[in-house]
Amino acid sequence: MASISGDDLVVTIKGIRKLGTMKSELSIPLAKVRGATFDPALSTGWPGLKNAKQWPGIKVLGTDVYGRYLGGTFSQEGERVFWDVAKPENAIVITVDNDEFTRLIIEVEHPEDTVRQIEAALARRA
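What you see is a predicted model; the values in this text were computed from it and never measured. (Residues numbered from 1 in each chain as written. Predicted model: local features only at pLDDT ≥ 70, side-chain atom pairs only at ≥ 80, totals over all residues. Heavy atoms only, no water.)

On the surface, a nonpolar cluster with roughly 280 Å² of combined accessible area is contributed by Met22, Val60 and Leu61. Relative to the elements of secondary structure, Met22 occurs in the loop between helix H1 (17-21) and strand S3 (25-29). (Patch = residues over 30% accessible without salt bridge, like charges linked within 9 Å, V, L, I, M, F, W, Y side chains within 5 Å. Areas by Shrake-Rupley, 256 points an atom, 1.4 Å probe, with all protein chains shown as cover. Salt bridge = Lys/Arg side-chain N within 4 Å of Asp/Glu carboxyl O. Helix = DSSP H or I, 4+ residues; strand = E, 2+ residues; numbered from the N terminus.)

Across its 15 residues, helix H2 (residues 111-125) extends 22 Å between first and last C-alpha, which sits within 8% of the 21 Å expected from 1.5 Å per residue. Residues of H2 that are buried include every one of Pro111, Thr114, Val115, Ile118, Ala121 and Leu122, and no others. The arc that holds every buried residue of H2, seen down its axis, measures 130°, which confines them to one face. Of the residues in H2, the exposed ones pointing more than 90 degrees away from the buried face are Arg116, Ala123 and Arg124. Contact partners of the buried residues in H2: strand S1 (2-5), strand S2 (8-12), strand S4 (33-38) and strand S8 (91-96). (Expected span 1.5 Å × (residues − 1). Buried < 20%, exposed > 50% of the residue type's maximum accessible area, 1.4 Å probe, protein only. Arc of directions from axis to C-beta. Contact = heavy atoms within 4.5 Å.)

With 79% of its residues at a pLDDT of at least 70, the protein chain reaches an overall mean of 83. Within the protein chain, no element has a lower average pLDDT than strand S5 (residues 58-65), which sits at 69, and none a higher one than S4, at 96. Note that residues 47-52 has pLDDT below 50 and, in this model, 9 contacts with residues that lie over four places away or in other chains. (pLDDT = per-residue confidence, 0-100.)

Each regular strand shows side chains that alternate between the opposite faces of the sheet. The element strand S6 (residues 69-76) is extensively covered by neighbouring structure, given that 7 of its 8 residues are classed as buried. Note: S6 against strand S7 (residues 79-85), 7 bridges, orientation antiparallel. Across the sheet, Thr73 pairs through a bridge with Phe82, a residue of S7. (Pairing = 2+ DSSP bridges.)

Quick look at the structure:
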């Protein structure tokens, strides 16, 4: 789940996924958020999935049950990427400029609405 709280983007990890990602929440100042996108064809590059656009990279810390769930920190082309995805068709990509990650690839219940919410918050800051 991703939401705006004051001047922060807050990503909340729920249930057993906390164990998979090794995190329960990420809070990133909106000043460090560059944008959010939704690509319904996004896949994690898991075997058997068509049109693979993203490969999770090398796991640094987390869970990689390919074809079922990716959670945690991965090194992807020299960048640190946070994943929390079981259903790639509901994943959004949030580009950030912070010390820990360059992208957050997270599954949300309503991807298009979540992207609109993030982009609207960024526009208000501009």
